[in-house]
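# Understanding the architecture of this molecule
Listed here are the chains, written in short residue letters.
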Amino acid sequence: MSLRFRGFLTLVAASWSGQSLSAQPVGTAFTYQGRLADAGTPASGSYDLQLVLMDAGAGGSQVGPLLTRDDVQVTSGLFTVSLDFGPVFGTARRWLEVRVRPGASTGAYTALSPLQELTSAPQAIFSAGTAWTGIVGKPAGFADDVDNDSGGDITGVTAGAGLSGGGSSGAVTLTVDTAATQARITGTCPAGQSIRTVNQDGAVVCEPDDDTPGWALGGNAGTNPGTQFIGTTDNQALVIRVNGQTGFRVEPADFWEHNVIGGSFLNVVDPGVFGATIAGGGQTLSTGRNRVTAIYGTVGGGVANTAANASTVAGGVANTASGSVAMVPGGESNTAGGWYSLAAGQRAKVRDSAQSGDFDGDEGAFVWADSTNADFQSTGPNQFLVRAVGGVGINTTSPSPGGLTVGAPGKLTFGASTRQMLDLWGTAYGIGVQGYVQYYRTDNADALNGFAWYKGGTHDDNAYSSGGGATLMTLNQAGLTVNGTFVSTSDRAAKQDLRPVDPRAILEGVASLPISEWSYVLDPEVRHVGPMAQDFRAAFGLGQDERHIATVDAEGVALAAIQALWTVVEEQRTELAWLKARLADIEARGSGERVIVRP
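### A word on the packing of aromatic side chains
Considering all chains together, one arrives at ten aromatic pairs under this definition. Centre to centre, the rings of Phe-255 and Phe-274 are 5.2 Å apart; their planes meet at 80°, and the pair counts as edge-to-face. Residue Phe-255 is found in the loop between strand 17 (245–251) and strand 18 (259–262), and its partner Phe-274 is found in the loop between strand 19 (268–269) and strand 20 (277–278); the two are separated by 19 residues along the sequence. Overall, Phe-255 belongs to the exposed group, its relative accessible area being 60%. Seen in terms of ring centroids, Phe-366 and Phe-384 are 4.7 Å apart; in terms of plane orientation they differ by 15°. Their pairing is stacked. You can see Phe-366 sitting in strand 30 (residues 366–369) and its partner Phe-384 sitting in strand 32 (residues 384–387), a full 18 residues away along the chain. Residue Phe-366 is classed as partly exposed on the basis of its relative accessible area, which comes to 29%. An aromatic cluster is built from Phe-255, Phe-274 and Tyr-296, whose rings are joined through pairwise contacts.

### Considerations on unusual backbone geometry
Cis geometry marks the peptide bond from Ser-113 to Pro-114; its omega dihedral reads 0°. Relative to the helices and strands, Pro-114 resides in the loop between strand 9 (110–111) and strand 10 (116–118). Residue Pro-409 follows Ala-408 across a cis peptide bond; omega there is 0°. On the secondary structure map, Pro-409 appears in the loop between strand 34 (404–406) and strand 35 (419–424).

### As for the sheet that holds strand 37 (residues 437–441)
Ordered by their spatial adjacency, three strands build an open sheet running 35-36-37, and the pairing between neighbours is antiparallel. Edge positions in the open sheet fall to strand 35 and strand 37, since each of these has one partner strand only. Across the sheet, the axes of successive neighbouring strands diverge by a mean angle of 15°, strand direction being ignored. Examined bridge by bridge, strand 36 (residues 429–434) and strand 37 share five bridges and lie antiparallel to one another. Its bridge partner being in strand 37, Gly-430 is matched across the sheet by Arg-441.

### Some words on the nonpolar core
In terms of nonpolar packing, the biggest core is built from 23 residues, with Tyr-32, Leu-36, Leu-51, Phe-79, Leu-83, Phe-85 and Leu-96 touching the most fellow members. Sorting the residues of this core by element identifies strand 2 (30–35), strand 5 (45–54), strand 6 (62–74), strand 7 (78–83) and strand 8 (94–102) as the ones contributing at least two each. If sequence neighbours within four positions are ignored, Phe-85 has contacts with Phe-30, Leu-51, Val-52, Leu-53, Val-63, Gly-64, Pro-65, Leu-67 and Leu-96. Ranked by size, the runner-up nonpolar core spans 19 residues in total, among them Val-292, Val-328, Ala-336 and Val-350.

### A short note on the pairing of strand 40 (residues 479–482)
Strand direction decides the pairing type here: strand 39 (residues 470–476) and strand 40, joined by four bridges, are antiparallel. Looking across to strand 40, one finds that Leu-475 is bridged to Leu-480. Hairpin connection between strand 39 and strand 40: a loop of two residues separates the two successive antiparallel strands.

### Focus: helix 5 (residues 551–589)
With 39 residues, helix 5 ought to run about 57 Å at 1.5 Å a step, and its terminal C-alpha atoms sit 57 Å apart, in line with that. Among the residues of helix 5, those classed as buried are Asp-553, Val-557, Ala-560, Ala-561, Ala-564 and Ile-586. On its buried side, helix 5 packs onto helix 3 (503–512) and helix 4 (533–540). At the exit of helix 5 stands Gly-590, carrying a positive phi of roughly 60°.

### Re the packing of helix 3 against helix 5
Two numbers describe how helix 3 lies on helix 5: the axes approach to 8 Å, and their chain directions differ by 110°. Here helix 5 runs roughly perpendicular to helix 3, going by the angle between their axes. Here Pro-503, Arg-504, Ile-506, Leu-507 and Val-510 of helix 3 come into contact with helix 5, specifically with Val-557, Ala-560, Ala-561, Gln-563, Ala-564, Leu-565, Thr-567, Val-568 and Glu-571.

### Side note on the state of the cysteines
In total, this model carries one disulfide according to the counting rule given. Covalent S-S linkage joins Cys-189 and Cys-206, the inter-sulfur distance amounting to 1.9 Å. Disulfide Cys-189-Cys-206: torsion about the S-S bond near -95°, hence left-handed. Here Cys-189, found in the loop between strand 13 (174–176) and strand 14 (193–198), pairs with Cys-206, found in strand 15 (residues 204–208); they are 17 residues apart in sequence, far enough to count as distant.

### Looking at the side chain of Ser-466
The topology assignment puts Ser-466 in the loop between strand 38 (451–455) and strand 39. Using a relative accessible area of 13% as the deciding quantity, one classes Ser-466 as buried. In this structure the side chain of Ser-466 is engaged in a polar contact, spanning 2.7 Å, whose partner is the backbone oxygen of Gly-469. Those residues within four positions of Ser-466 in sequence are excluded, and the remaining contacts are Tyr-454, Gly-456, Gly-457, Thr-458 and Thr-471.

### Re the confidence of the model for the protein chain
On average, the protein chain scores 86 in pLDDT, and the residues at 70 or more come to 88%. Overall, residues 1–23 carries pLDDT values under 50, and its contacts beyond four positions in sequence, including any with other chains, amount to 54 contacts.

### Some thoughts on a nonpolar patch on the surface
A cluster of nonpolar side chains, namely Trp-368, Phe-384, Val-386, Val-392, Ile-394, Leu-404, Leu-412, Phe-414, Leu-422, Leu-424 and Trp-425, defines an oily patch on the protein surface of about 1,100 Å² accessible area. Contributing elements (two or more residues each) for the nonpolar patch: strand 32, strand 33 (392–394) and strand 35. For Trp-425, the position within the fold is in the loop between strand 35 and strand 36.

### Digging into the side chain of Ser-324
Residue position: Ser-324 is located in the loop between strand 25 (320–321) and strand 26 (327–328). Owing to a relative accessible area of 9%, Ser-324 belongs among the buried residues under this scheme. With near-sequence residues (within four places) excluded, Ser-324 lies in contact with Asn-309, Ser-311, Gly-338, Trp-339 and Tyr-340.

### Examining the sheet that holds strand 11 (residues 157–158)
Strand order in this open sheet of three strands is 11-12-13, and the pairing throughout is antiparallel. The sheet is open, and its two edges are formed by strand 11 and strand 13, each paired on a single side. Pairing analysis gives three bridges linking strand 12 (residues 163–167) to strand 13, with the strands arranged antiparallel. Along strand 13, the bridge assignment pairs Leu-163 with Val-176.

Thresholds applied
Residues numbered from 1 in each chain as written. Predicted model: local features only at pLDDT ≥ 70, side-chain atom pairs only at ≥ 80, totals over all residues. Heavy atoms only, no water. Phe/Tyr/Trp six-rings, centres within 6.5 Å; stacked < 30°, edge-to-face > 60°. Helix = DSSP H or I, 4+ residues; strand = E, 2+ residues; numbered from the N terminus. Buried < 20%, exposed > 50% of the residue type's maximum accessible area, 1.4 Å probe, protein only. Pairing = 2+ DSSP bridges. Axes fitted to C-alpha atoms, helices over the stretch in contact; angles between N-to-C directions. Core = buried A, V, L, I, M, F, W, Y, C linked by side-chain atoms within 4.5 Å. Contact = heavy atoms within 4.5 Å. Expected span 1.5 Å × (residues − 1). Parallel < 35°, antiparallel > 145°, perpendicular 65-115°, else oblique. Disulfide = S-S within 2.5 Å. Polar contact = N/O pair within 3.5 Å; in protein donor to acceptor, adjacent residues only side chain to side chain. pLDDT = per-residue confidence, 0-100. Patch = residues over 30% accessible without salt bridge, like charges linked within 9 Å, V, L, I, M, F, W, Y side chains within 5 Å. Areas by Shrake-Rupley, 256 points an atom, 1.4 Å probe, with all protein chains shown as cover. Salt bridge = Lys/Arg side-chain N within 4 Å of Asp/Glu carboxyl O.

See the structure below:
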């Protein structure tokens, strides 16, 4: 245990163990009384003391021995010890240095400052053994150092205040002047009466005691709260003091909505404010006081806290609820500057009207900040902001650091209204619901914008990198790839407005369609064969625009062209069969007609 001092030892008395000189020497010991304060509070308990006599108040030398007094009992700051430094007192001045430590400690002593000068009584030790020859300034009658002179040097006796008589020769008498001096009281009063007046001759005049009841230290019974109370009947505060300092007061205010102030005597409610409460706390320094600046504000305790209009600071250090009906439940250096706002933790800030440009400040904002020693401030009204470097957990005690973790059986629910429900990278990326449609949105600022679906791997910031996993799907301006192939729906029930086509016309379009070999800009290593979307659109008028060819359209055109080719082949086959049959007939008749058949 170590003793810390917030003050210094104050000497309150020093007295001799002997009160008068006599033929017997009184010795060199004397009684010393002192007062010890620990951190500004009167100390109590057992302490070890070291006491040193010095020849100067600062920078002096030790005089006499070092005295040690162990386990000195200190009660309410007061202690008494007997000291004996030997015959070291003369006409020179002396100062006492006191060193102290707790009685249970074996550590170093703490030297208290300043040193205390010993005056009057200690110096009288010198006179106990002083010979006549050592006295300076002797009257003429004692010049021979022998106290045997007859007669005297008194030339007259003068009556002082309250006396009369005296004279300059012969026997003189001094008499008490009754006009100036009160005679000793000789009268008494019977039971039930008290002294009202004391006459000049000591007689007393009595009067009946005042029977008005008071509040007893042991409590009262049978009181009537309608007529009996502790308090004031004028426009003055009711003050309760502790150790001589104000500890609690009720201050009068408008509309009889009085202010109640506890804790430090420096805690304050601003002028004109009513209905305010400071329950306690505050320091005895103006910078550490608790304060209410507007009506109905409340500060529960803590240090250097401030509450405004109907706002509350429950405790903590240097917190401010400056917005109306705002709250800071505790923590340090938090500010709830908006109406109906709340700030908690460390350096959580809700902007006030001056910071936000709004009369109400960032009203309705809730800002909670963890122990990170940096401001965490709102940026608008009705926000719910949380700084949690260790993560936010719902149904879990092990959240991902810096993230939100929802444990079983929890889930995130966004209600039943259509909107973009998740905003990613601002609002350019996100997930939402339209009428009967769930969508995924990307930005349109770059040709790489698109979607990817990976299996396994870890996150990689590079576009279309699976991070060591497998790529199941990609969708971008280059098209859609699903496991290297593509499958699209072709259910009749999913189609409408069916119209017949002319396969021969489509075949003619295919015949005239330019076909090239090429590679995608985003995939230059892979070669492909096919038409350009612009040519395909011009030839068939299909698809959503001139930059894309839907696979279903390409497949349909190919199938229609195949059908047209099949028809042509069938027609040629029919014609060939007819020609073969005719030839056979001619040969069978033997007409001798010469027929030339060309392939």
